[in-house]
Amino acid sequence: MSAPAYPPGARVRVVERFPPGHIRTPHYCRGRVGRVERLCGRFPNPEKLAYGRGTDDVRALYRVRFRQRELWPDYAGPAEDTVEIEIYEHWLEDAS
Amino acid sequence: MSTSPSDPSDLRGAIDAGRRHHDMGGLDAGPVDRSQHALAPWEHKTDAILRLLADPKRGPVMRIDELRRGIEEMGPGVYDELSYYERWIGSIANILMEKGVLEAEALGAKIEAVQARHAAAPPRREGAGGGGNL
């Protein structure tokens, strides 16, 4: 089990990948850039648990904060509005 | 916000091919129905069955992650038509068959037997103290 790759404040991009199967990363944030708010902990990979295995495949889970306008180009609310999404480390890449 | 794949200026639409049906965040959904309704006895029972199956003390027999996967695999038509707990019990049955806990033939025979019993003596109405209809 490796140390978490991203400290709070790190700029990260959600991997823009669309595999079939059980995925815990919402479609609407894929390819979008946000900042790590905090590490939530380490948990068995739900994308394997969904198929009855993976209890020994523990992954870091982060709370990532996005600007609403990053997610929704036509967002009409204030520019500072954000949304936080919990995303596993294997769905994030460095965007610093 | 538009997600129509026919609009070439809509980036979300352009990658919609990779969006699975249940993953609806951000799609237009129309007005939200906020009315509350009492759960039927079978819905309480479905909740209890899942909690027992997912209890780590029993293995667990199945995990919530598997329940979700089973619901996602129902496909667009069934997913939209079934109610919340209908999706649950459908997924539970499929996952348990996948694991060899239930056999389709035995489950089908049981469903037929219950239907025959209900036809002979309709179950008491909801709230009348019944609920043991399974």
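The structure displayed is predicted, hence computed values, not measured ones.

**Q** Teacher, can you tell me more about the interface of chain A and chain B here?
**A** The figure often quoted for interface size is the accessible area lost as the parts come together. At the junction of the two partners, chain A supplies 12 residues and chain B supplies 13 residues. Residue composition of the side of chain A that touches chain B, by class: eight nonpolar, three polar and one charged.

**Q** Mind showing me how you'd approach the sheet that holds strand E1 (residues 11-14) of chain A here?
**A** Each strand in a sheet pairs with its neighbour through backbone hydrogen bonds, running either in the same direction (parallel) or in the opposite one (antiparallel). Residue and element names in this part refer to chain A. The antiparallel open sheet is built from five strands, whose spatial order is E4-E3-E2-E1-E5. At either end of the open sheet lies a strand with only one pairing partner, and these are strand E4 (82-88) and strand E5 (92-94). For this sheet, the mean inter-axis angle between neighbouring strands, taken without regard to orientation, is 40°. Relative to E5, E1 runs antiparallel, the two sharing three bridges. Note on E5: the bridge partner recorded for arginine 13 is glutamate 93.

**Q** What's the story with helix H5 (residues 84-98) of chain B in this structure? I'm lost.
**A** Turn by turn, an α-helix covers 3.6 residues, leaving residues three or four places apart pointing in a common direction. Residues and elements named next belong to chain B. Compared with the 21 Å implied by 1.5 Å per residue over 15 residues, the 21 Å span of H5 between its first and last C-alpha is a close match. Restricting attention to buried positions, one finds in H5 the residues Arg87, Ser91, Ile92 and Ile95. Seen from one end, H5 has its buried residues packed into an arc of 130°, which puts them on one side. Buried positions along H5 lie against helix H2 (41-53) and helix H3 (64-72). Once H5 finishes, glycine 100 follows within two positions and takes phi at roughly 80°, a positive value.

**Q** What am I meant to see in the packing of H2 of chain B against H5 of chain B here?
**A** All names here are of chain B. Contact geometry for H2 and H5: axes closest at 10 Å, N-to-C directions at 40°. Accordingly, the angle class assigned to the pair H2 and H5 is oblique. H2 and H5 meet at a crossing whose hand is left-handed. Two secondary-structure elements touch here, H2 through Glu43, Thr46, Ile49, Leu50 and Leu53 and H5 through Tyr85, Trp88, Ile89 and Ile92. Residue composition of the contact of H2 with H5, by class: seven nonpolar, one polar and one charged.

**Q** Would you explain the environment of glutamate 103 of chain B in this entry?
**A** All names here are of chain B. Summarising the element assignment, glutamate 103 is placed in the loop between H5 and helix H6 (104-120). Take glutamate 103: there are 11 C-beta atoms within 10 Å of it, and that puts it in the exposed class. Between the C-alpha atoms of glutamate 103 and glycine 90, which are 13 residues apart in sequence, the distance is 14 Å.

**Q** Where do I start with the packing of H3 of chain B against H5 of chain B in this structure?
**A** A pair of packed helices can be characterised by two numbers: the angle between their axes and the separation between those axes. Residue and element names in this part refer to chain B. Between H3 and H5, whose axes approach to 8 Å, the crossing angle comes to 105°. Classified by the interaxial angle, the pair formed by H3 and H5 is roughly perpendicular. Along its contact with H3, which presents Glu66, Leu67, Gly70 and Ile71, the element H5 presents Arg87, Trp88, Ser91, Ile92, Asn94 and Ile95. Taken together, the residues that form the contact of H3 with H5 break down as five nonpolar, three polar and two charged.

**Q** Any chance you could explain the nonpolar core here in plain terms?
**A** Note that soluble globular proteins tend to have their nonpolar side chains buried in a common cluster. Membership of the largest hydrophobic core comes to 16 residues, with the highest contact counts inside it found for Cys29, Tyr62, Val64, Ile87 and Leu92 of chain A. The element that contributes the greatest number of residues to this core is strand E3 (residues 58-67) of chain A, accounting for five residues. Ignoring any residue separated from it by four or fewer positions in sequence, one finds isoleucine 87 of chain A in contact with Val14, Thr25, Tyr62, Val64 and Leu92 of chain A. Ranked by size, the runner-up nonpolar core spans six residues in total, among them Leu53, Ile71, Ile92 and Ile95 of chain B.

The rules behind each value
- Residues numbered from 1 in each chain as written.
- Chains lettered and ligands numbered in written order.
- Predicted model: local features only at pLDDT ≥ 70, side-chain atom pairs only at ≥ 80, totals over all residues.
- Contact = placed C-beta atoms within 7 Å.
- Nonpolar A, V, L, I, M, F, W, Y, C, P; charged D, E, K, R; others polar.
- Pairing = 2+ DSSP bridges.
- Helix = DSSP H or I, 4+ residues; strand = E, 2+ residues; numbered from the N terminus.
- Axes fitted to C-alpha atoms, helices over the stretch in contact; angles between N-to-C directions.
- Expected span 1.5 Å × (residues − 1).
- Buried ≥ 20, exposed ≤ 12 C-beta atoms within 10 Å, placed from the backbone.
- Arc of directions from axis to C-beta.
- Parallel < 35°, antiparallel > 145°, perpendicular 65-115°, else oblique.
- Left-handed = near helix turned anticlockwise from the far one by under 90°.
- Core = buried A, V, L, I, M, F, W, Y, C linked by C-beta atoms within 7 Å.

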